[in-house]
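So you can see what is in the structure, the chains are spelled out below.
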Amino acid sequence: MTATIELKVNGQNHHLDVDPDAPLLLILRNNLGLKAAKFGCGLEQCGACKILVDGQAVPSCATPLSAVANADITTLEGLGTPANLHPLQRAFLAEQAAQCGYCTAGLIITAKALLDKNLQPSRAEICEALDAHICRCGTHNRIICAIQRAASEMAR
Amino acid sequence: MSIDPLIRFSTDGHVTLMIAHVEIGQGILTAVAQIAADELDINFTRILVERADTERTPTASYTSGSNSIQIIGSAFRQAAADARHLLLAKAAAALQAPVESLRLTDGTITDGEKETTYWALQGDQLFGETELGVGQPKSSEEYTLVGQPIPRLDLPAKIAGTPSFVHDLCLPDMVHGRVIRPPTYASTLESIDENTAASLPGVIAVVRDGSFLGVLAEREEQAEKAAEALRQNARWHVQPLPAYESLYTDLLAKTSQDFLVVDGVPQDGPVPPIETPANAVQTLEATYRKPYHMHAALGPAAAAALWQDEHLNVWSHTQGVYPLRGSLASALDLDDNQVRVQHLEGPGCYGHNGADDVALDAALLARARPGRPVLLKWSRADEHGWEAYGSAMLVKTQASLDEHGQICDWNHDAWSYTHSSRPRPMAGASNLLAARYREKPLPPPTPKPGKGSHGGIHRNADPLYAFARRRVVKHFVPDSPLHTSALRGLGAVGNVFAIESFMDELATAIKADPIEFRLRHLDDPRARAVIEAAAQEANWRSGRRGNGQGRGQGLGFAQYKNAKCYVAVVFDVEVDTASGQIHLTNTAIAGDAGQIINPDGLANQLEGGVLQAASWTLKEQVHYGPDGVTSRDWDTYPVLRFAEIPPVSVKLLDQPGAPSLGSGEATQGPTPAAIANAVFDAVGVRLREMPFTPERVKAALTQPQ
Ligand code: FES
Ligand code: FES
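Residues numbered from 1 in each chain as written. Chains lettered and ligands numbered in written order. Predicted model: local features only at pLDDT ≥ 70, side-chain atom pairs only at ≥ 80, totals over all residues. Heavy atoms only, no water.

**Observations regarding the pattern of salt bridges**
By the definition in use, this model includes 46 salt bridges over all chains. For Asp-600 of chain B, the salt bridge identified is with Arg-142 of chain A, shortest N-O distance 3.1 Å. One end of the pair, Asp-600 of chain B, is in helix α14 (residues 599-618); the other, Arg-142 of chain A, is in helix α6 (residues 140-155), on a second chain. Of the charged contacts in the structure, one is a salt bridge between Asp-154 of chain B and Lys-158 of chain B, with a shortest N-O distance of 2.8 Å. Note on accessibility: Asp-154 of chain B and Lys-158 of chain B belong to one class, buried. Where salt bridges share partners, they join Glu-23, Arg-51, Arg-152, Asp-154, Lys-158 and Glu-345 of chain B into one cluster. (Salt bridge = Lys/Arg side-chain N within 4 Å of Asp/Glu carboxyl O. Helix = DSSP H or I, 4+ residues; strand = E, 2+ residues; numbered from the N terminus. Buried < 20%, exposed > 50% of the residue type's maximum accessible area, 1.4 Å probe, protein only.)

**Looking at the pairing of strand β22 (residues 551-559) of chain B**
Residues and elements named next belong to chain B. β22 sits mainly inside the fold: eight of its nine residues count as buried. With nine bridges connecting them, β22 and strand β23 (residues 566-576) associate as antiparallel partners. Residue pairing for β23: Gly-556 is matched across the bridge by Val-569. Between β22 and β23, which pair antiparallel in sequence order, lie six residues; one of them, Lys-561, sits at a positive phi of approximately 55°. (Pairing = 2+ DSSP bridges.)

**Considering the interface of chain A and chain B**
Counting residues at the interface gives 54 residues for chain A, matched by 59 residues for chain B. Buried area between chain A and chain B, summed over both chains or domains, comes out near 4,600 Å², and the portion from carbon and sulfur atoms is 57%. Its largest share of buried area at the contact with chain B, chain A owes to Gln-99, Tyr-102 and Arg-136 of chain A, together 18% of the area lost on that side. The tally of links from chain A across to chain B stands at six salt bridges. At the junction of chain A with chain B, the criterion picks out 28 residue pairs in polar contact (both at pLDDT 80 or more). Those elements that provide at least two residues to the side of chain A that touches chain B are α1 (24-31), α2 (76-79), α3 (87-95), α4 (104-117), α5 (123-129) and α6 of chain A. Within the side of chain A that touches chain B, the residues separate by chemical class into 30 nonpolar, 14 polar and ten charged. (Contact = heavy atoms within 4.5 Å. Buried area = accessible area lost by both parts, 1.4 Å probe. Polar contact = N/O pair within 3.5 Å; in protein donor to acceptor, adjacent residues only side chain to side chain. Nonpolar A, V, L, I, M, F, W, Y, C, P; charged D, E, K, R; others polar.)

**Comments concerning the side chain of Lys-158 of chain B**
For Lys-158 of chain B, the position within the fold is in helix α4 (residues 155-160). Only 2.8 Å separates the side chain of Lys-158 of chain B from the side chain of Asp-154 of chain B, close enough to count as a polar contact.

**A closer look at the environment of Ala-151 of chain A**
In this structure, Ala-151 of chain A sits in helix α6. In the structure, Ala-151 of chain A is positioned 60 residues away from Ala-91 of chain A in sequence and 9.1 Å away in space, judged by C-alpha atoms.

**Description of the pairing of strand β12 (residues 257-262) of chain B**
Residue and element names in this part refer to chain B. Examined bridge by bridge, β12 and strand β21 (residues 470-476) share five bridges and lie antiparallel to one another. Directly across from Phe-259, in β21, lies its bridge partner Lys-474. Sheet topology note: the β12/strand β13 (residues 265-267) ladder contains three bridges and is antiparallel. Across the sheet, the residue bridging to Leu-260 is Gln-267, located in β13. Count of turn residues in the β12/β13 antiparallel hairpin: two residues, of which Asp-263 carries a positive phi of about 50°.

**Description of the packing of aromatic side chains**
Residues and elements named next belong to chain B. Per the counting criterion, the structure on display carries 16 aromatic pairs over all chains. Between Phe-9 and Phe-127, the ring centres sit 5.8 Å apart and the planes meet at 65°, which makes this aromatic pair edge-to-face. Highlighted residues: Phe-9 in strand β1 (residues 7-9) and Phe-127 in the loop between α3 (118-122) and α4, separated in sequence by 118 residues. We classify Phe-127 as buried; its relative accessible area is 16%. (Phe/Tyr/Trp six-rings, centres within 6.5 Å; stacked < 30°, edge-to-face > 60°.)

**What about the side chain of Thr-30 of chain B?**
For Thr-30 of chain B, the location among the structural elements is in helix α1 (residues 28-40). When near neighbours in sequence (up to four residues on either side) are disregarded, Thr-30 of chain B contacts Phe-44, Ile-150, Pro-151, Arg-152, Leu-153, Asp-154 and Asn-598 of chain B.

**Topic: the domain arrangement of chain B**
Interface size is often expressed as the accessible area that is lost when the parts come together. Residues and elements named next belong to chain B. Domain boundaries assigned for chain B yield domain 1 (7-146), domain 2 (167-239 + 295-386) and domain 3 (393-420 + 455-702). The interface is formed by 17 residues belonging to domain 2 together with 17 residues belonging to domain 3. Interface area, domain 2 with domain 3, both sides summed: about 1,400 Å², of which 55% is carbon and sulfur. Interface area lost by domain 2 to domain 3 is led by Tyr-185, Tyr-350 and His-384, which between them contribute 40%. On inspection of domain 2 and its partner domain 3, the count reaches zero salt bridges. (Domains from an automatic or database assignment.)

**Some thoughts on α3 of chain A**
Where α3 of chain A is concerned, the buried positions are Leu-88, Gln-89, Ala-91 and Phe-92 of chain A. The arc that holds every buried residue of α3 of chain A, seen down its axis, measures 160°, which confines them to one face. Buried residues belonging to α3 of chain A abut α2, α4 and α6 of chain A together with α4 of chain B. Within two residues after α3 of chain A, Gln-96 of chain A carries a phi angle of roughly 50°, on the positive side. (Arc of directions from axis to C-beta.)

**A short note on the environment of Val-175 of chain B**
Residues and elements named next belong to chain B. On the secondary structure map, Val-175 appears in strand β7 (residues 175-180). Residues Val-175 and Ile-204, spaced 29 residues apart in sequence, show a C-alpha to C-alpha distance of 8.7 Å. Once residues within four sequence positions are removed from consideration, Val-175 is found in contact with Ile-204, Leu-216, Ala-217, Glu-218, Arg-372, Pro-373, Val-374 and Leu-375.

**A word on the packing of α1 of chain B against helix α2 (residues 68-95) of chain B**
Residue and element names in this part refer to chain B. Orientation of α1 relative to α2, taken along the N-to-C sense of each, is 25°, at an axis distance of 8 Å. Here α2 runs roughly parallel to α1, going by the angle between their axes. Between α1 and α2 lies a crossing of right-handed hand. In contact with Ile-28, Ala-31, Val-32, Ile-35, Ala-36, Glu-39 and Leu-40 of α1, α2 contributes Ser-68, Ile-69, Ile-72, Gly-73, Phe-76, Arg-77, Ala-80, Ala-81, Ala-83 and Arg-84. Considering only residue class, the contact of α1 with α2 consists of twelve nonpolar, two polar and three charged. (Axes fitted to C-alpha atoms, helices over the stretch in contact; angles between N-to-C directions. Parallel < 35°, antiparallel > 145°, perpendicular 65-115°, else oblique. Left-handed = near helix turned anticlockwise from the far one by under 90°.)

**Description of the packing of α3 of chain A against α4 of chain A**
Residue and element names in this part refer to chain A. Taken N-terminus to C-terminus, the directions of α3 and α4 make an angle of 125°; their axes are 10 Å apart at the nearest point. Taken as axis vectors, α3 and α4 run oblique relative to one another. Here the hand of the crossing between α3 and α4 comes out right-handed. In this structure, α3 contributes Leu-88, Gln-89 and Phe-92 to the contact, and α4 contributes Thr-104, Leu-107, Ile-108, Ala-111, Lys-112 and Leu-115. Here the contact of α3 with α4 is composed, by residue class, of six nonpolar, two polar and one charged.

**Things to note about the sheet that holds β12 of chain B**
Residues and elements named next belong to chain B. Spatially, the six strands line up as an open sheet ordered β13-β12-β21-β20-β19-β14, and their pairing is mixed. For this open sheet the edge positions go to β13 and β14 (282-290), each flanked by a neighbour on one side alone. Taking the axes of each pair of neighbouring strands and ignoring which way they run, one obtains an average angle of 25° across the sheet. In the sheet, β14 pairs with strand β19 (residues 393-401) via nine bridges, with the strands oriented antiparallel. By the bridge assignment, Ala-286 is partnered in β19 with Thr-397.

**Brief notes about the state of the cysteines**
A complete count under the given rule lists zero disulfides over all chains for this structure. As a non-bridged cysteine, Cys-349 of chain B has Cys-137 of chain A as the owner of its nearest cysteine sulfur, 9.1 Å distant. (Disulfide = S-S within 2.5 Å.)

**Examining the domain arrangement of chain A**
Residue and element names in this part refer to chain A. For chain A, the assigned domains are domain 1 (3-78) and domain 2 (87-155). On a C-alpha basis, the centroid separation for the pair domain 1 and domain 2 is 21 Å. With 16 residues of domain 1 in contact, the opposing surface of domain 2 contributes twelve residues. Carbon and sulfur atoms make up 64% of the surface buried where domain 1 meets domain 2, a total of about 1,200 Å² over both sides. Contact with domain 2 buries area across many residues of domain 1, yet Lys-50, Leu-52 and Leu-76 alone supply 43% of it, more than any other trio.

**With respect to the environment of Pro-441 of chain B**
Residue and element names in this part refer to chain B. By secondary structure assignment, the location of Pro-441 is in the loop between β20 (407-416) and β21. On the basis of relative accessible area, Pro-441 is assigned to the partly exposed category, the value being 46%. Counting along the chain gives twelve residues from Pro-441 to Ala-429, while the straight-line C-alpha distance between them is 8.3 Å.

Listed below in structure tokens is the structure:
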């Protein structure tokens, strides 16, 4: 029941011998060791597992591997590294926009997709973009501030 | 006594803190590091933190009850002060200079000519037995790190997405587990065709032990598929749950154990009846209800376990590695020294959720394949359906006002189930979930009423206000239909919701401003100060309430456990009378947590707590029916989303030199009351049952109040 699947993640090509029905999230985490995207619900309800597929923020928990075989996939690890953080990551740090940090990776991915389209989002536009995300720790306002901070930094 | 269990120096210029309390998103590691670095006079970057581990860090109980900063903050402060004192004495000997002549900067000690360092003097030596308290901790004016908004130590990794959680653990040869739970607590497994799952690709073992059912597979997606096959296949003898609709009538109808609560402490002996005093000119009564709430961590519980050579190694996001070790050992009939529990972080837990239970699940699966580490993650449905909920609660209040508009009699009767079933080692019983399902079951112990000051049900039942007379009664009901335990705030949520709503009702009865009315009954200057600060922060509109024409403002106040952080919260709301929707338009919080260790961390905690409690208040309730809990995902258990979050401002009142007070749970009670009071102000109706759903708002608007 396995098949060879080609996957392009963070600019690198991978040939994987796996179940094509397997959720992309599990392959990213377990085969490629990319642990930033998190399992939250597996039901496309919480946003913890978001990644970029051809520039769109999508939940990876319910996306079967076969659906993204030819796509360009970016995870949080592909946006920035600890030594060279993405402006969104720098802004999240500057605002200390996390408590437990379990929601963070998914939020930064969605924020990246938003800022790619709209470099000056209003509070309402940010909230709309984050509608499919849950932060159980109540860090929402800091997250919104971090996205606004990154937007103004990136606009410079 | 020794410094060594807490603080270790190393030759390379680092100091490692052995912190047995755990990071749960509250920033405790950073706060303790600030305290220690300040006392040691070293740069913050020299501090390393070692996580809780039963083989490395000192014995400690749970990280709970907003106690951490008080307990370990002072332990580390004293140990660091002692270390500094001893090292200065060593330096004096080494440099042959009087201690008074020495200057200490970032671990380098000089007499003006010669110098040495902590690292040269202590290297990685232990201190051995030392006298506790030889060093004098600094006074608050001398702090340079305490009180500063130092960024959290743990956030860079989380924001970069590098592995930070138990869920991210990757051990050599690791396999993946899943568990399959019965429909309801008391259901039993009648039959299961294990072969349907056992023959699936990658499946290593189907583990059945009585009604405990789990599966191990090489890969996670294989474990998922096998678990689904087992779920389809399992036949359960279902013991139905009672109907949700009778939640509060059942709670009142059941036999309760009743205690008069005096100064926050339950008393044995008869409970006096309510007696209205002779000088009462007006008497009001009301009943407030709070349903079961979930912790609902964003990531379902997970644990890893390895069974090898009669030893069990567990990696867990428990709030207490030692209590979990003891509980696992007693549930598995092992000695404590056969079990090691290492802490790794999890998603925010907000109290006792499934973190400990999943550890026993993982241990049972690991025992089926010795030598192979097992990573077990619960599903979303497992997490929603099997965590220990915050208990439902019903509070009846009755109070009388005298001719001067002062409260001359106050009565508070609180009914609830247990708020505390954290696992502890015990004989013949276990609070770890899987234990009750095994072939040789260990049933959960019968819940007992807590007798401590501000324990579960009676937490914050005794108001901080000065009343001429008060009668506060705890009604402990042992047999909850749902599994319950500590959820952020415990009984304070229902009690403060009732007290602070009722204070508003009383103020309204005599057409008084609710803040002015509270202050009339409040002597504690710090309590008064937070209320005034919140009012100022929120631009409080004085005067009587209830005629806001759709817009309203309300306040809630409490000092957590009457001993910890003081919090006042003001909500501004708009109520859409056609839809029944409550919009939170603004929030102001004022908090006094004594001497502030980290203002940014404190503000983050207070705001997060308010928003979580606002979500409970507007949206959350655990639904169940005969076939089990029906709130099994984020659609059936909705929470506040980004667009529904109000802007929040936080005002902190620092108390330099005063003890630091735990703050993690202080906002949970004032928040629901503040929202209820704001809704009353907006549309003139009282909401006394959480959650304040649009249907409830509309129903209240059409009912005579
Ligand atoms: S885990 Fe994918 S949306 Fe929740
Ligand atoms: S910071 Fe914990 S869920 Fe968002």
